[in-house]
Amino acid sequence: MHYYRYSNAEVSCWYKYLLFSYNIVFWLAGVAFLAAGLWAWSEKGVLSDLTKVTGLHGLDPVLLVLLVGIVMFTLGFAGCVGALRENICLLKFFCGAIVFIFLLELAVAVMAFLFQDWVRDRVKEFFENNIKSYRDDIDLQNIIDSLQRLNHCCGAQGPEDWDFNIYFNCNSESKSREKCGVPFSCCIPDPAQKVVNTQCGYDIRTKSKNQWDDQIFVKGCINALEAWLPRNIYIVAGVFIAISLLQIFGIFLARSLISDIEAVKASNAF
């Protein structure tokens, strides 16, 4: 295969190397996400037994990390190679994928605003499914504990939701020591205690509900998140706008480079 430099016109180095620099960051970030996800899976033994992927009924956070890594790696690679080799097909793929992701984000935001009750029901269902799998995956467990601890909440709509988990269920046939309790992350922290008491939620739901307020959080996490959003709306909007601007900038660079390449090819065709 022979390569040659166009004699009449050249592609702008500004668009070319700016787009390459833009994408190399995403490509490296994708590599980091993939490495972290594969390492986490190897620690959990998933790579040696792939049936564990379908064994968890809730969300495996590592799967989400891998998915983000694959998308970022693919787009970053396509953008980098497309920019360096002036490959219109790769650049159009990169541009189209970014446009699709941007429109998908916009659609999700609009749907969440217009169909709040439906979204709330889906979030409740999602949270309950993850409560069922709380003890099945350490990463999922850590995420739920962090969510409850940071938002001072317990369960999807309240502590009773922990009946969805076989270990915390109040069923009389259960032999679990955690029966009719809640995770330690539901407990109101004692400032005097420097060591976390992981047994603070044991048997709490065997007591009357008016005693719960002194020991555990009684607000559901869905209500806590709904209260958190209006207080932090500017932060959420700022993050969304920043991400959108980065995507628009990437689309602009890719479209400009495509137009430049097409113009050079048309110029040298004559």
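Residues numbered from 1 in each chain as written. Predicted model: local features only at pLDDT ≥ 70, side-chain atom pairs only at ≥ 80, totals over all residues. Heavy atoms only, no water.

Digging into the overall build of the chain
Scanning the chain from N- to C-terminus turns up eight helices and zero strands. Shown N-terminal to C-terminal, the secondary structure of the chain runs as helices and strands in the order α-α-α-α-α-α-α-α. The buried share of the chain, taken over its 270 residues, is 33%. By sequence separation, contacts in the chain at least 24 residues apart represent 72% of the contacts at least 6 residues apart. For the chain, the exposed area adds up to about 16,700 Å²; of that, 66% sits on carbon and sulfur atoms. (Helix = DSSP H or I, 4+ residues; strand = E, 2+ residues; numbered from the N terminus. Buried < 20%, exposed > 50% of the residue type's maximum accessible area, 1.4 Å probe, protein only. Contact = heavy atoms within 4.5 Å. Areas by Shrake-Rupley, 256 points an atom, 1.4 Å probe, with all protein chains shown as cover.)

Brief notes about the side chain of lysine 16
Position of lysine 16 relative to the elements: it lies in helix H1 (residues 13–43). A polar contact of 3.0 Å, which involves the side chain of lysine 16, links it to the side chain of glutamate 86. Not counting residues up to four positions away in its chain, the partners in contact with lysine 16 are Ala83, Leu84, Glu86 and Leu257. (Polar contact = N/O pair within 3.5 Å; in protein donor to acceptor, adjacent residues only side chain to side chain.)

Overview of the packing of aromatic side chains
Under the definition given, this model contains nine aromatic pairs. Between tyrosine 22 and phenylalanine 249 the ring centres are 6.0 Å apart and the planes differ by 65°, which places this aromatic pair in the edge-to-face class. Of the two residues, tyrosine 22 is situated in helix H1 and phenylalanine 249 in helix H8 (residues 233–268); the sequence distance between them amounts to 227 residues. Ring centres 6.0 Å apart and planes at 65° place the aromatic pair tyrosine 134 and phenylalanine 168 in the edge-to-face group. Note that tyrosine 134 is positioned in the loop between helix H5 (116–132) and helix H6 (138–151) and phenylalanine 168 in the loop between H6 and helix H7 (221–231), a separation of 34 residues in sequence. With respect to burial, tyrosine 134 and phenylalanine 168 carry one shared label: buried. An aromatic cluster is built from Tyr22, Phe26, Phe94 and Phe249, whose rings are joined through pairwise contacts. (Phe/Tyr/Trp six-rings, centres within 6.5 Å; stacked < 30°, edge-to-face > 60°.)

Description of the UniProt feature "transmembrane region" (unreviewed entry) in the chain
UniProt's feature table lists "transmembrane region" (unreviewed entry) at residues 20–42, 62–84, 91–115 and 233–254, given in the numbering used throughout. Taken end to end, residues 91–115 is 96% helix and 0% strand, and its two terminal C-alpha atoms sit 36 Å from one another. Taken as a whole, residues 233–254 contains 100% helix and 0% strand, while its terminal C-alpha atoms sit 32 Å from one another. (UniProt positions renumbered as here; feature names shortened; annotations may be inferred.)

So, the confidence of the model for the chain
Confidence in the prediction for the chain averages 84 pLDDT; 89% of positions are at 70 or higher. Predicted confidence is poor over residues 1–8, with pLDDT under 50, and the contacts of this stretch with residues over four places away or in other chains come to 10 contacts. (pLDDT = per-residue confidence, 0-100.)

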